[in-house]
Amino acid sequence: MIIDIHIQGIPCRARVTYYRKEDSPVLTGPMDHADPGSPVEIEFDVMNMRGARAVWLERKMTVADRAVIEQQIIAAFKQERADAQESLAEGGGY
């Protein structure tokens, strides 16, 4: 997945290289079977608007930039999942 983003106000793109959605904690049953879950994991490459890797721009990325980009990626995956479910509900398929 590739999405349009901004780093320090500079338009660019993020190519998601790894995404694992959050696992919810399991708190039912005996405590020795409880599972604290795990947070979402995201890895991405920063590219310029032409699609070339932009390592120099990755170095400019702040913690706040990364947090915003990760939220945009999570939202994009949720939207993609919702669109797929809607398509299947309407009789679409593979």
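Our structure's up above, just so we're on the same page.
Residues numbered from 1 in each chain as written. Predicted model: local features only at pLDDT ≥ 70, side-chain atom pairs only at ≥ 80, totals over all residues. Heavy atoms only, no water.

**Q** Tell me about the pairing of strand E2 (residues 10-20), residues and numbers included.
**A** Sheet topology places strand E1 (residues 2-7) next to E2; six bridges connect them, and they run antiparallel. Opposite Ile7, over in E2, you have Ile10 as the bridge partner. Relative to strand E3 (residues 41-47), E2 is paired through seven bridges, and the arrangement is antiparallel. Paired with Arg13 across the strands is Met47, a residue of E3. (Pairing = 2+ DSSP bridges. Helix = DSSP H or I, 4+ residues; strand = E, 2+ residues; numbered from the N terminus.)

**Q** Tell me about the side chain of Asp65, residues and numbers included.
**A** Tracing the backbone shows Asp65 in helix H2 (residues 63-89). Here Asp65 is buried and forms no salt bridge, its nearest opposite-charge partner Lys60 lying at an N-O distance of 8.6 Å. Residues within four places of Asp65 in sequence aside, it is in contact with Ile7, Gln8 and Lys60. (Buried < 20%, exposed > 50% of the residue type's maximum accessible area, 1.4 Å probe, protein only. Lys, Arg positive; Asp, Glu negative; His and termini not counted. Salt bridge = Lys/Arg side-chain N within 4 Å of Asp/Glu carboxyl O. Contact = heavy atoms within 4.5 Å.)

**Q** For the environment of Arg53, give the residues involved together with the corresponding values.
**A** Along the chain, Arg53 turns up in the loop between E3 and helix H1 (55-60). Judged by relative accessible area, Arg53 falls into the partly exposed class, the value being 48%. Not counting residues up to four positions away in its chain, the partners in contact with Arg53 are Asp45, Val46, Met47 and Glu58. Looking at Arg53, its side chain comes within polar contact range of the side chain of Asp45, at 3.4 Å. Only 3.0 Å separates the side chain of Arg53 from the side chain of Glu58, close enough to count as a polar contact. (Polar contact = N/O pair within 3.5 Å; in protein donor to acceptor, adjacent residues only side chain to side chain.)

**Q** Requested: an account of the sheet that holds E2, with residues and values cited.
**A** Within a sheet, neighbouring strands are paired by backbone hydrogen bonds and run either parallel or antiparallel to one another. Taken in spatial order, the three strands line up as E1-E2-E3 in an open sheet, and their pairing is antiparallel. Of all the strands in the sheet, the pair left with one neighbour each is E1 and E3. Taking each pair of neighbouring strands and ignoring which way they run, the sheet shows an average axis angle of 45°. Against the sheet, H2 engages E1, E2 and E3, with an angle of about 160° to E1. (Axes fitted to C-alpha atoms, helices over the stretch in contact; angles between N-to-C directions.)

**Q** Tell me about the environment of Val26, and name the residues and values.
**A** If you trace the backbone, Val26 turns up in the loop between E2 and E3. In this structure, the C-alpha to C-alpha distance between Val26 and Ala54, residues 28 residues apart in sequence, is 40 Å.

**Q** How would you sum up the pairing of E1? Please name residues and give values.
**A** Along E1, the buried face is formed by Ile3, Ile5 and Ile7; none of Ile2, Asp4 and His6, which line the opposite face, is buried. Here E1 folds back onto E2 in antiparallel fashion, the turn holding two residues, of which Gln8 has a positive phi close to 55°.

**Q** Talk me through unusual backbone geometry; I want residue IDs and the actual numbers.
**A** Here the phi dihedral of Gln8 falls at roughly 55°; this positive angle occurs in a residue that is not glycine. With respect to the element layout, Gln8 can be found in the loop between E1 and E2. For Gln8, a relative accessible area of 44% puts it in the partly exposed group.

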